[in-house]
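Commentary on secondary and tertiary structure
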Amino acid sequence: MFILIKIILLSSLSIFIVSAQAEEPQAAENASSPLAKVRNTDFKLRVIDTGNGDRNDYAIEGAVMLSPKLKLKYEARYWETDITGRDTSGMESARLKGIYFLE
């Protein structure tokens, strides 16, 4: 859980740094499209009742425009459970992907 909090704080900081840069107004784009030149952050929590205990999945997904032609997409997933009778947790995945716009 501590790693997920670090990722959230770092992504928030990068959003503030990028938003401090001068940007020209653009028409609204669909943030779910990987080719949209927008920044977004999604936080997700999923609780699964397995009968023996719960499994909690946490996820952060988003994108930041580093320059007008370079977009950074990020994703991190973390889980915790008590299915085995004791608390266990761990990082499921962490991904970074850059998208360069050729236009």
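Residues numbered from 1 in each chain as written. Predicted model: local features only at pLDDT ≥ 70, side-chain atom pairs only at ≥ 80, totals over all residues. Heavy atoms only, no water.

Charged atoms that come close allow side chains of opposite charge to pair. Scanning the entire structure with this criterion turns up seven salt bridges. For D57, the salt bridge identified is with R55, shortest N-O distance 3.0 Å. Judged by its relative accessible area of 10%, D57 is buried. R77 is the partner of E61 in a salt bridge, and the nearest nitrogen-oxygen pair spans 2.5 Å. Of the two residues, E61 sits in strand β2 (residues 54-67) while R77 sits in strand β3 (residues 70-81), which places them 16 residues apart along the sequence. Under the relative-accessibility criterion, E61 is labelled buried at 18%. (Salt bridge = Lys/Arg side-chain N within 4 Å of Asp/Glu carboxyl O. Buried < 20%, exposed > 50% of the residue type's maximum accessible area, 1.4 Å probe, protein only. Helix = DSSP H or I, 4+ residues; strand = E, 2+ residues; numbered from the N terminus.)

Right, let's get into the pairing of β2. Buried residues dominate β2, accounting for 10 of its 14 residues. Two elements, strand β1 (residues 40-49) and β2, share 10 bridges in a ladder whose sense is antiparallel. Looking at β2, one finds that T41 is bridged to G62. Count of turn residues in the β1/β2 antiparallel hairpin: four residues, of which G51 carries a positive phi of about 95°. As defined by bridge partners, β2 adjoins β3 across 12 bridges and the pair is classed as antiparallel. (Pairing = 2+ DSSP bridges.)

As a further point, take a nonpolar patch on the surface. Residues L66, L70, Y100 and L102 make up a contiguous nonpolar surface patch of about 430 Å² in total accessible area. Along the chain, L66 turns up in strand β2. (Patch = residues over 30% accessible without salt bridge, like charges linked within 9 Å, V, L, I, M, F, W, Y side chains within 5 Å. Areas by Shrake-Rupley, 256 points an atom, 1.4 Å probe, with all protein chains shown as cover.)

We now examine the confidence of the model for the chain. Summarising the model, the chain shows a mean pLDDT of 77, and 70% of its residues fall at 70 or more. Mean pLDDT in the chain bottoms out at helix α1 (residues 2-20), which sits at 55, and peaks at β3, which reaches 92. Segment residues 16-25 is flagged for pLDDT under 50; beyond a separation of four residues in sequence, or across chains, it makes seven contacts in the model. (pLDDT = per-residue confidence, 0-100. Contact = heavy atoms within 4.5 Å.)

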